[in-house]
Amino acid sequence: MRYLSTRDRSLRYTAAEAIKQGLSRDGGLFLPEEFPSIEPEQLKAMETMSYQQRAVEVMRLFLEDYSEEELQAFAEAAYGSDKYDDPAVAPVHTLDAATHCLELWHGPTSAFKDMALQMLPHLLSASLKKTGEEKTACILVATSGDTGKAALEGFKDVDQTKIIVFYPKDGVSEIQKLQMVTQEGKNVNVCSVLGNFDDAQTGVKRIFSNEDIRATLNGRGYFLSSANSINWGRVLPQIVYYVSVYCDLARDGKLKAGEALNICVPTGNFGNILSAYYAKCMGVPVGRLICASNKNDVLTEFLRTGVYDRNRHFYTTMSPSMDILISSNLERLLYALSDGNDAEVCSYMEQLNTVGRYQVSDSIFSRVRELFWAGSCGEEETLATIYRYYEDPDKRYLIDPHTAVAANVLEQYRAETGDNAPAVFASTASPYKFCNHVLRAIGAPYQGSGMELIARLQEITGVQAPWRLAKLGEKGIRFTGSTEKQDMEMVVLNLLK
Ligand SMILES: *Cc1c(COP(=O)(O)O)cnc(C)c1O
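All values reported here derive from a predicted model rather than from experimental measurement.

Criteria and cut-off values
Residues numbered from 1 in each chain as written. Predicted model: local features only at pLDDT ≥ 70, side-chain atom pairs only at ≥ 80, totals over all residues. Heavy atoms only, no water. Pairing = 2+ DSSP bridges. Helix = DSSP H or I, 4+ residues; strand = E, 2+ residues; numbered from the N terminus. Axes fitted to C-alpha atoms, helices over the stretch in contact; angles between N-to-C directions. Contact = heavy atoms within 4.5 Å. Buried < 20%, exposed > 50% of the residue type's maximum accessible area, 1.4 Å probe, protein only. Near = heavy atom within 4 Å. Polar contact = N/O pair within 3.5 Å; in protein donor to acceptor, adjacent residues only side chain to side chain. Phe/Tyr/Trp six-rings, centres within 6.5 Å; stacked < 30°, edge-to-face > 60°. Parallel < 35°, antiparallel > 145°, perpendicular 65-115°, else oblique. Left-handed = near helix turned anticlockwise from the far one by under 90°. Expected span 1.5 Å × (residues − 1). Nonpolar A, V, L, I, M, F, W, Y, C, P; charged D, E, K, R; others polar.

Asks: Help me understand the sheet that holds strand 16 (residues 482-484), please; the structure alone is not making it clear to me.
Replies: Hydrogen bonds between backbone atoms are what pair the strands of a sheet, whose relative direction is either parallel or antiparallel. A sheet is described by the order of its strands in space; here five strands give the open sequence 9-6-7-8-16, paired in parallel fashion. This sheet does not close on itself; its edge strands, each paired only once, are strand 9 (222-225) and strand 16. Recorded for the sheet is a direction-independent mean angle of 30° between the axes of neighbouring strands. Here six bridges tie strand 7 (residues 161-168) to strand 8 (residues 188-194), and the two strands are oriented parallel to one another. Within the sheet, the bridge partner assigned to F166 lies in strand 8 and is C191. The sheet contacts of helix 9 (residues 197-208) involve strand 6 (136-142), strand 7, strand 8 and strand 9, and relative to strand 6 the element is tilted by about 150°.

Asks: What's the story with the environment of Q412 in this structure? I'm lost.
Replies: For Q412, the position within the fold is in helix 18 (residues 401-417). The exposure class assigned to Q412 is partly exposed, which follows from its relative accessible area of 24%. Taking the C-alpha atoms as reference points, Q412 and C101, 311 residues apart in sequence, are found 16 Å from one another. Those residues in contact with Q412 that sit more than four places away from it in its chain are W373, G375 and S376.

Asks: How should I be thinking about the site of the ligand in this particular structure?
Replies: As a matter of local geometry, the ligand sits amid 15 residues, with K113, G268, N269, N272 and T428 nearest to it. Within the backbone of N269, a nitrogen or oxygen atom sits 2.7 Å from an oxygen atom of the ligand. Contact between the ligand and T428: a nitrogen atom at 2.8 Å from a side-chain N or O atom of the residue.

Asks: Looking at this structure, how should I read the packing of aromatic side chains?
Replies: The geometry of two aromatic rings is summed up by the distance between their centres and the angle between their planes. Counted by the stated rule, this structure contains 19 aromatic pairs. A centroid spacing of 5.7 Å and a plane angle of 45° characterise the contact between Y277 and Y278, whose relative ring orientation is tilted. The pair Y277 / Y278 is uniform in exposure class, with both members buried. For the pair Y389 and F425, a centre-to-centre distance of 6.2 Å together with 85° between the ring planes defines the contact as edge-to-face. Here F425 lies in strand 15 (residues 423-427) and Y389 lies in helix 17 (residues 379-391), a separation of 36 residues in the sequence. Owing to a relative accessible area of 0%, F425 belongs among the buried residues under this scheme.

Asks: What should I look at first to understand the packing of helix 11 (residues 232-251) against helix 12 (residues 271-281) in this one?
Replies: Taken N-terminus to C-terminus, the directions of helix 11 and helix 12 make an angle of 60°; their axes are 8 Å apart at the nearest point. For the element pair helix 11 / helix 12, the angle class is oblique. Helix 11 and helix 12 meet at a crossing whose hand is right-handed. For the pair formed by helix 11 and helix 12, the contact residues are W232, V235, Q238, I239, Y241 and Y242 on the first element and G271, N272, L274, S275, A276, Y278 and A279 on the second.

Asks: Could you clarify how one ought to interpret helix 11 in this entry?
Replies: Turn by turn, an α-helix covers 3.6 residues, leaving residues three or four places apart pointing in a common direction. Between its first and last C-alpha atoms helix 11 spans 29 Å; for 20 residues at 1.5 Å apiece the expected length is 28 Å, and the two agree. A large share of helix 11 lies buried, amounting to 19 of its 20 residues. The N-capping residue of helix 11, defined by a side-chain oxygen 2.7 Å from the backbone nitrogen of G233, is N231. Phi for G253, located one or two positions after helix 11, is positive at around 75°.

Asks: I keep staring at the packing of helix 3 (residues 51-59) against helix 11 and nothing clicks. Help me out?
Replies: How two helices pack is summed up by the angle between their axes together with the distance between the axes. Running from N to C, helix 3 and helix 11 cross one another at 125°; their axes reach a closest spacing of 9 Å. Between helix 3 and helix 11, the angle falls in the class oblique. Helix 3 and helix 11 meet at a crossing whose hand is right-handed. Here helix 3 contributes Y51, R54, A55, V58 and M59 to the contact with helix 11, which in turn contributes L236, P237, I239, V240, Y241, V243, S244, C247, D248 and R251. Tallied by class, residues from the contact of helix 3 with helix 11 come to eleven nonpolar, one polar and three charged.

Asks: Can you help me understand the side chain of T99 in this one?
Replies: By the element assignment, T99 lies in strand 5 (residues 99-103). Judged by its relative accessible area of 4%, T99 is buried. Reaching out from T99, the side chain makes a polar contact with the side chain of R414 at a distance of 2.8 Å. Contact partners of T99, with chain neighbours within four places excluded, come to H93, T94, L410, R414, A423 and F425.

Listed below in C-alpha cells is the structure:
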C-alpha cells in the first residue's frame, strides 16, 4: 500500500517514508491510497484478542513494509504493563445500558496522547532503518502541556532518536511542568522558554525553516523531525482503539451483532475523531460521529454550516488541549469527502492561509451532515457536567474537563435528535491531570500546590490517582534550563554537539 498527499494525489510513498517525513513537501498530509476493510468475521475474531493483538491486526493492514513480528514487538513495548496501568489498555466504563466511556488515559502520562505517542517512536525508528537513514532524528517539540510529556515518554531511549521539548515558563500547569522536568532517559532534554506558548512554537518553527542550522546539524549526523499530530504514525494507532471498543462492547453483549455505535469525541486538532471516521470507513459499524468542542467552537460552526472561519476570539479554557483555531487534521477529512480532489483541498487550504476562511462545496457539506453532528460546551456547563457525573448515585464517575465536554455534547445530541442508540464518548485525560478544575466542580477547595491537590482529590473521592502522578513529588528534578525566546537556536545547537 502506497501513501499520497492530500495536496498531490500522484505521489506514491511507502509507509516508512511517509512516517519518516511526517509532512509532505507540498505542505499536505500523508494518506494511504485506499482504506483496507475489516470484514465482520475478522471483527468478531478480534473480540477474544488482547489490545496488543488488535493493534497488530489493524496496523498491519496499513504497514506492508513492516513485518508482523516487528509490529508485535512494538505493540508489546508500547502497551505493556510497565506502561499501561490497566491490562485492557483502553478500558470501557459502562454508565448505563446505552452509554459507555472509553478511557484513553491509562498510559504513562495520563492523557490520550500516549495511545499514539507510545507507538510512533517505534514506527519512526524502524522507518529510519528501512529507508537507509543513518542520521539520528532529533524531535523538536513546543508544548502547551500534554504533548511534550507524552512525546518525552514515547521517545525516551528509543534508538536513533533524540528529543528536545520547549515549554512556556508560565504557560503550563505545575503538574505538567513537574512531569517534564523530572523526565528520565538518555536522549531527552527539556528547556523552558521565557514567553508564552506562541513564542515557544514560533521558535521551533523558525528552527525548522533555518537552512543554516539544518546544514550544521546534518554535518553532525542529525536531522530535524516532528512528532505532531499530523504524522500518519500518530493517526494510525488511534484507529485501533475504536476497533477495540467495538469488539469489547460486542463481546460483552452490550451491542447486538452489527449494531451501530455512535461515537462522541472531545476535539481539538481533529486527529482523534478522524481516527473514528477511518474505523467507520474500514467497516466497523459506527453510527454518527459526534464532534464536541469547548467554547472555541470553530469546528462546531464548520460541521453545522460548511464554513470554516478562524477569524474569531481565542478563549483560554479549562480544557486547554481543545483550545484551537486551526484544526490541522480536518484537511484529511476534506480530502476524503471530496473523493480525493487534491486541487479542491489545495484551494481550501490556500484560502485558510490567506483570508482565514473557506466554505466547502455543497457535495462535501451534505456528506459532512450525514456523517457528523457537532456541539459545544461552555465553561459553566463543563463544571456542572463534572459535578453531575460525580454526584449522580447511578454514575459516581469522576471525569476531567475534556471528557466532560464530550459527555455534555452527547447529551445535547440525544436531546436534539432523539437518537438514543448505543454511544461511547472518549475520555482523553485522567481527572488527576486537572485537579483544580475537578475539585472546584465538585465543590471542594481548589487552592494549593499541584501535589496537594492530587492528595486532596484522592482523599475526598476515594478514586485512586495514577501512581506516576501521585509519586511525582518524590522524583528528582533533572532539567532546570531556561532560555530567552530568541536564543532557542543556541539551545538546540549546544545540545546536539
Ligand atoms: C490532544 C487532546 C485532545 C484533542 O484531541 P485532537 O486529536 O487534537 O482532536 C482532547 N483532550 C485531551 C486531553 C488532549 O490531550
